[in-house]
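# Notes for the structure review
The residues making up each chain are set out below.
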Amino acid sequence: PPVQTPAQTQAMIDEVLSAYPPKVAKARAKHIKPNDPEGSKGCEVKSNIKSRPGVMTIRGCAYAGSKGVVWGPIKDMVHISHGPVGCGQYSWASRRNYSRGTCGVDNFVTFQFTSDFQERDIVFGGDKKLAATCKEIAELFPLAKGISIQSECPIGLIGDDIDAVARATSKELDMPVVPVKCEGFRGVSQSLGHHVANDAIRDIVLGTRETTKQTPYDVALIGDYNIGGDAWASRRILENMGLRVVAQWSGDGTLNELCSSHHVKLNLIHCYRSMNYICTTMEERFGTPWMEFNFFGPTKIVESMRKIASYFDDAIKEKTEAAIKSYQPFFDQVINEYRPRLESKRVMLLVGALRPRHTIGAYEDLGMEIIGIGCEFAHKDDYTRTSLELGEGVVLYDDPTAYELEEFARRLKPDLMGAGVKEKYVFHKMALPFRQMHSWDYSGPYHGVDGFAVFARDMDIAINSPTWNPFQAPWSNAA
Ligand code: CFM
């Protein structure tokens, strides 16, 4: 069946929200709209405001956005989860940012470092403990290139002066020690943590190192965190185009890359949401141009490659066309194999902010259709971009509650739900095929040429698995 008309979608939204007390329903209604890509006021979905107390949200916190997302993947630094042990421990290794190197020697991504606050640290302050922790790290891991201090909630609440500790320790240890005030209570989601993390890079790291060699083809790959090897897949395309990728922000990235990125000719940003801040900073400070691109699925890959090449000379443009030509048989092969199995399958998505929009094209390349889409912590600029990628009437839900997502799924009956681990088993119990679109369900990469084949296979094994044959979705026996 075709996607619902805007009126049908609105009726569905009203029905689902009618279960709430009127005040809650009114507030939530602002976050859920039928898509109107031609709307005169742009996308009207309200976003980036506080989740309602009392309803379930799947958002993370500022600490998650800084330590987990932006800083955590920088592999040759030690990132201290500063405060009580839980934040670091329970987020340990939960994001799949792959990295090369030797664990404990020049790569610290898989570790959990914490200052392990106790009651006495809360009462008397933990600055001395923090300084001692930094020194211990420098002794135990002499090849660590720097330290970041990722503040958990209590640090801001008790008013510790981590800036002073970082300055003194940085001098004493002769390496960058970066204080990041990403206390979880700040802001309304992980999104502010991205911003705070970008600001710390801007203030302490950016532009602090010169490079000896520069070429007209130097680019930085920004906002690719190498989930399941995504950044490696993206980098291969850029190198095939003849570009020299001098920095990966921050998947499989190093401190030196951040320090010296300001020399690049063009910043290429994949995750706009989490790193647009540093791109605008580099533009203001160094005049570095930047552009958004999308390496999910052949249509967007080819479109993005040509857009990137347009910033460079004919040599790059020729290499780009040659690369596209060399990818085409592979794209065709993947599409020929999987499209017949996935054609006209309908998908609902709920991911952080960037991926819901960026994966639309990849699904469409396989003949699939997006019938509902939402973000945990997107801002208006994300929804405006997302809206343009979708047809009229598709339901858009911002920071939806567990109840809302389930009820929309019951009514829209998608063939596939793509969201996170917190949602996964709910939908499995509804006998709905599901893919984790944060961790790629421990698969990947999904970016790039190689990634498209993995993406197509994974969607196929989710939807067409014989596992589902013995199940009946609850609505199919509704009668
Ligand atoms: Fe960017 Fe991300 Fe995303 Fe994000 Fe994230 Fe992630 Fe995400 Mo999970 S940086 S906004 S804070 S693309 S961890 S790699 S999958 S919610 S949609």
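In this report, we go over the structure that sits alongside the text. Note that this is a predicted model, so its numbers are computed, not measured.

### Concerning the overall build of the protein chain
Looking only at helices and strands, one finds 20 helices and 14 strands in the protein chain. The C-alpha atoms of the protein chain give 23 Å as radius of gyration, which agrees with the globular expectation for 479 residues (23 Å, within 12%). With respect to the principal axes defined by its C-alpha atoms, the protein chain has extents near 70 × 60 × 45 Å. Across the 479 residues of the protein chain, 56% fall into the buried class. Surface summary for the protein chain: the accessible area is close to 19900 Å², and the carbon and sulfur share equals 54%.

### A few points about the side chain of H263
Locating H263 in the fold gives a position in the loop between helix 11 (255-260) and strand 8 (266-269). Non-local contacts of H263, meaning those with residues more than four positions away in its chain, are made with R209, E210, T211 and Q214.

### A short note on the site of the ligand
Surveying the vicinity of the ligand reveals 14 residues, the closest of which are R95, H194, C271, R355 and H438. Looking at side-chain class alone, the shell around the ligand contains eight nonpolar, four polar and two charged residues.

### Quick notes on the layout of surface pockets
In this model, the second largest pocket occupies a volume close to 350 Å³. Lining the second largest pocket are 14 residues, with E292, N294, K307, H358 and E389 sitting closest to its centre. Mapped by element, the contributors of at least two residues to the lining of the second largest pocket are strand 9 (290-292), helix 13 (298-309), helix 15 (355-358) and helix 17 (380-388). Considering each element in turn, the lining of the second largest pocket owes the most residues, four residues, to helix 13. Its residues assigned to classes, the lining of the second largest pocket comprises four nonpolar, three polar and seven charged.

### A short note on the environment of A231
Among the secondary structure elements, A231 is positioned in helix 10 (residues 230-240). Residue class for A231 comes out buried when judged on its relative accessible area of 0%. Linking A231 and D381, residues 150 residues apart in sequence, is a C-alpha distance of 24 Å. Excluding anything up to four places from it in sequence, A231 contacts L221, D224, N226, Q248 and G251.

### Some details on the sheet that holds strand 5 (residues 177-180)
Strand order in the open sheet formed by four strands is 3-2-4-5, and the pairing between neighbours is parallel. Among the strands making up the open sheet, the edge pair consists of strand 3 (113-114) and strand 5. Helix 6 (residues 127-140) contacts strand 2 (77-82), strand 3, strand 4 (146-151) and strand 5 of the sheet and is inclined by roughly 155 degrees relative to strand 2. Strands strand 2, strand 4 and strand 5 of the sheet are contacted by helix 8 (residues 162-173), whose axis makes an angle of about 170 degrees with strand 5.

### As for the packing of aromatic side chains
In the structure shown here, the tally under the stated rule is 18 aromatic pairs. Centre to centre, the rings of F427 and F434 are 6.2 Å apart; their planes meet at 15 degrees, and the pair counts as stacked. Given a relative accessible area of 4%, F434 falls into the buried group. Connected via pairs of aromatic rings, a cluster forms that spans F296, Y363, W440, Y446 and F455. Its guanidinium or amino end placed over the ring of Y272, R385 lies 4.1 Å from that ring's centre, counting from NZ or CZ.

Conventions used here
- Residues numbered from 1 in each chain as written.
- Predicted model: local features only at pLDDT ≥ 70, side-chain atom pairs only at ≥ 80, totals over all residues.
- Heavy atoms only, no water.
- Helix = DSSP H or I, 4+ residues; strand = E, 2+ residues; numbered from the N terminus.
- Rg over C-alpha atoms; globule rule 2.2 N^0.38 Å.
- Buried < 20%, exposed > 50% of the residue type's maximum accessible area, 1.4 Å probe, protein only.
- Areas by Shrake-Rupley, 256 points an atom, 1.4 Å probe, with all protein chains shown as cover.
- Contact = heavy atoms within 4.5 Å.
- Near = heavy atom within 4 Å.
- Nonpolar A, V, L, I, M, F, W, Y, C, P; charged D, E, K, R; others polar.
- 1 Å grid on protein atoms, 1.4 Å probe; cavity = no way out; pocket = protein on both sides within 12 Å on 5 of 7 lines; lining within 4 Å.
- Points joined across faces, edges and corners; volume = space filled by probe spheres on them.
- Pairing = 2+ DSSP bridges.
- Axes fitted to C-alpha atoms, helices over the stretch in contact; angles between N-to-C directions.
- Phe/Tyr/Trp six-rings, centres within 6.5 Å; stacked < 30°, edge-to-face > 60°.
- Lys NZ or Arg CZ within 6 Å of the ring centre and 35° of its normal.

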